[in-house]
Amino acid sequence: NRRKQPSVDELVTGILNHDKVALSRAITLVESKSVTHLAKATEIIEKCLPHANTSIRIGITGVPGVGKSTFIEAFGKHLTGLGKKVAVLAVDPSSSISSGSILGDKTRMEDLVKDENAFIRPSASGDSLGGVARKTRETIILCEACGFDTIVIETVGVGQSETAVHSMVDFFLLLKLAGAGDELQGIKRGIIEMADAIVINKADGDNIKRAQIARTEFKRALHLYPQKASEWLPKVVTASALKYEGIDDVWQLISEFCETTKANHYFENHRKQQNRFWLLQTIEERLKHNFYNNEHVKSVLDEYLNATENSTISPFHAAQQLLDLLKF
Ligand code: GDP
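Calculation criteria
Residues numbered from 1 in each chain as written. Predicted model: local features only at pLDDT ≥ 70, side-chain atom pairs only at ≥ 80, totals over all residues. Heavy atoms only, no water. Helix = DSSP H or I, 4+ residues; strand = E, 2+ residues; numbered from the N terminus. Rg over C-alpha atoms; globule rule 2.2 N^0.38 Å. Buried < 20%, exposed > 50% of the residue type's maximum accessible area, 1.4 Å probe, protein only. Contact = heavy atoms within 4.5 Å. Areas by Shrake-Rupley, 256 points an atom, 1.4 Å probe, with all protein chains shown as cover. Lys, Arg positive; Asp, Glu negative; His and termini not counted. Charge placed at Lys NZ, Arg CZ, Asp CG, Glu CD. Domains from an automatic or database assignment. Buried area = accessible area lost by both parts, 1.4 Å probe. Salt bridge = Lys/Arg side-chain N within 4 Å of Asp/Glu carboxyl O. Polar contact = N/O pair within 3.5 Å; in protein donor to acceptor, adjacent residues only side chain to side chain. Nonpolar A, V, L, I, M, F, W, Y, C, P; charged D, E, K, R; others polar. 1 Å grid on protein atoms, 1.4 Å probe; cavity = no way out; pocket = protein on both sides within 12 Å on 5 of 7 lines; lining within 4 Å. Points joined across faces, edges and corners; volume = space filled by probe spheres on them.

1. Considering the overall build of the protein chain
(1) Moving on: In terms of helices and strands, the protein chain carries 14 helices and 7 strands.
(2) Moving on: For 328 residues, the compact-globule estimate of 2.2 N^0.38 gives 20 Å, and the C-alpha radius of gyration of the protein chain, at 22 Å, lies within 12% of that figure.
(3) Moving on: In terms of overall dimensions, the protein chain has a C-alpha envelope of 65 × 55 × 40 Å along the principal axes.
(4) Moving on: The proportion of buried residues among the 328 residues of the protein chain is 45%.
(5) Moving on: Considering only residue pairs separated by 6 or more positions, the protein chain has 75% of its internal contacts joining residues 24 or more positions apart.
(6) Moving on: Counting only carbon and sulfur atoms, one obtains 53% of the accessible surface of the protein chain, whose full area is about 17200 Å².
(7) Moving on: Taken as two groups, the 40 positive and 41 negative side-chain charges of the protein chain have centres that lie 2 Å from each other.

Structure, rendered in structure tokens:
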């Protein structure tokens, strides 16, 4: 593409005029590895920031095959039908390794992708979860400035990606399937604890009864967890993404969540906390990166590791000497 690159101001104006092409181009800058692109991206984000923060940010997770894309398509269509503007982003750190994203794949959301009031962006590639998460976070700001009032962030239920997504959303939704009475086994406790709602998907055909049983079991299990800081009691519902059933219930309870947490100020405070967390997290990552990529450190690190292994120097003393190389 030999076209002249649009300027920062052109992109910002485009975004604020709700132009999806400008939005896409700005996201490409956010995702770029080039230093000049990143500098431009930072400027765009700064200018968009006063126009952001106006949406509801919803995280959706679940194992592959649970029906995330089918659900997001049904949910997204439902919301655009209500006059909302929906952006779908994904956090999938594996996409850079497998060179094929398993999330946010446009071919899996055929109807939504054609919807004028929807915007779907597959996961940014990146060599670390931290990198992918940063890009997604900045993309949220751009989408909000572009007029999207509902941001859906999809992630697959593996590794640490749920925690990263949880730390950038207001509401966290866990999709589950009804099993043969073993629903509560093999689930990572942490994920249940993060969930503001559990949706038992594929509650259709022969599966309805099992889904209802699963719902009862999850409800019972959720009672065992301590009350959340949001004072919100997590809900369990059944749905069929394929048949568009139960989708409205999910939206109802998200609206209820917003009412409750805006009234008790959790919503606003939680976002403030998330911003603080990301500032500190970014500094930590940057410091770590700079340390381990410092030529001097790289050249002597092994020596120091060997010396500590053999107890010729104490770990603390070794660490101090290595850190001194960077004048920390
Ligand atoms: P993802 O990997 O979590 O994104 O799951 P997909 O949305 O790709 O769905 C995996 C498979 O489950 C597809 O064949 C879907 O058609 C099917 N599926 C998704 N939702 C439902 C549902 O509510 N009921 C039934 N019966 N099948 C579903």
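2. Some remarks on the domain arrangement of the protein chain
(1) Moving on: Taken as a whole, the protein chain is organised into domain 1 (1-51), domain 2 (52-263) and domain 3 (279-325).
(2) Moving on: Counting residues at the interface gives 19 residues for domain 1 and 21 residues for domain 2.
(3) Moving on: The junction of domain 1 with domain 2 conceals about 1700 Å² of combined surface from both sides, 63% of it contributed by carbon and sulfur atoms.
(4) Moving on: Contact with domain 2 buries area across many residues of domain 1, yet Lys20, Leu23 and Glu31 alone supply 31% of it, more than any other trio.
(5) Moving on: There are 1 salt bridge connecting domain 1 and domain 2.
(6) Moving on: Notably, a salt bridge pairs glutamate 31 with arginine 121, separated by 3.1 Å at the nearest N-O pair.
(7) Moving on: For the pair domain 1 and domain 2, the number of links is 7 residue pairs in polar contact (both at pLDDT 80 or more).
(8) Moving on: Residue classes in the side of domain 1 that touches domain 2 are distributed as 12 nonpolar, 4 polar and 3 charged.

3. Structural notes on empty space enclosed by the protein
Empty space among the atoms becomes visible once a probe the size of a water molecule is rolled across them.
(1) Moving on: Applying the stated criterion across every chain, the model contains 1 cavity of 30 Å³ or more.
(2) Moving on: Around the largest cavity sit Ile27, Glu31, Leu89, Ala90, Arg121, Pro122, Ser123, Ala124, Lys135, Thr136 and Thr139, which together line it.
(3) Moving on: Broken down by secondary-structure element, the contributors of at least two residues to the lining of the largest cavity are α2 (20-31), β2 (86-91) and α7 (129-145).
(4) Moving on: Among the elements that take part in the lining of the largest cavity, α7 stands out by supplying 3 residues, more than any other.

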